[in-house]
Amino acid sequence: MTSTMRTTVGWHVDMEFMEDDQHTRAVAMVRLPDGTEVRAHGHASRHHVDANQPRVGEEVAGARALNELAMQLLTKAHDEIDEVSGRTSHPIHV
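Residues numbered from 1 in each chain as written. Predicted model: local features only at pLDDT ≥ 70, side-chain atom pairs only at ≥ 80, totals over all residues. Heavy atoms only, no water.

**Q** It is not clear to me how the sheet that holds strand β3 (residues 37–45) should be interpreted in this structure. Could you clarify?
**A** Strand pairing in a sheet is mediated by backbone hydrogen bonds. Such pairs are either parallel or antiparallel. Read across the sheet, three strands follow the order β1-β2-β3 without closing on themselves; strand pairing throughout is antiparallel. The sheet is open, and its two edges are formed by β1 (13–19) and β3, each paired on a single side. Geometrically, the sheet is characterised by an average inter-axis angle of 15° between neighbouring strands, direction not taken into account. Relative to β3, strand β2 (residues 23–31) runs antiparallel, the two being bridged by nine bridges. Note on β3: the bridge partner recorded for His-23 is Ser-45. (Pairing = 2+ DSSP bridges. Helix = DSSP H or I, 4+ residues; strand = E, 2+ residues; numbered from the N terminus. Axes fitted to C-alpha atoms, helices over the stretch in contact; angles between N-to-C directions.)

**Q** Would you mind going over the environment of Met-18 with me for this structure?
**A** Relative to the assigned elements, Met-18 resides in strand β1. Through-space distance from the C-alpha of Met-18 to that of Leu-66 is 16 Å; in sequence the pair is 48 residues apart. Beyond its immediate stretch of four places on either side in the chain, Met-18 contacts His-23, Thr-24, Arg-25 and Val-27. (Contact = heavy atoms within 4.5 Å.)

**Q** I'm lost on the pattern of salt bridges in this one. Help?
**A** When the charged atoms of two side chains with opposite charge come close together, those side chains can pair. A complete count under the given rule lists five salt bridges for this structure. Put simply, Arg-31 and Glu-37 hold a salt bridge, and the shortest N to O gap is 2.5 Å. Overall, Arg-31 belongs to the partly exposed group, its relative accessible area being 49%. Between Glu-59 and Arg-55 there is a salt bridge; the shortest N-O distance is 3.8 Å. In this pair, Glu-59 and Arg-55 are both assigned in helix α1 (residues 54–85), four residues apart and thus about one turn of the helix distant. Under the relative-accessibility criterion, Glu-59 is labelled partly exposed at 47%. Shared partners join several salt bridges into a network, and the residues in it are Arg-31, Glu-37 and Arg-39. (Salt bridge = Lys/Arg side-chain N within 4 Å of Asp/Glu carboxyl O. Buried < 20%, exposed > 50% of the residue type's maximum accessible area, 1.4 Å probe, protein only.)

Okay, structure coming up:
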């Protein structure tokens, strides 16, 4: 039996960064097909002896925002499973 996977929906994640010399903040947002927007934040701080590398701050803050976004999506999915089934389901693990 052969199974082919096809793309039925696509998600685009928007990421914005706000930076100064010591801090980078990131906001990640995804709009789901049902119109729900899920937003998450991430933060990175540069130690004063470290070189000023804005891209590194963006990567750390962005990764933290995406990690929080993933956790929110897992919680949303878990809540929807419980709502439809009428029972408490097993936790969804990363």
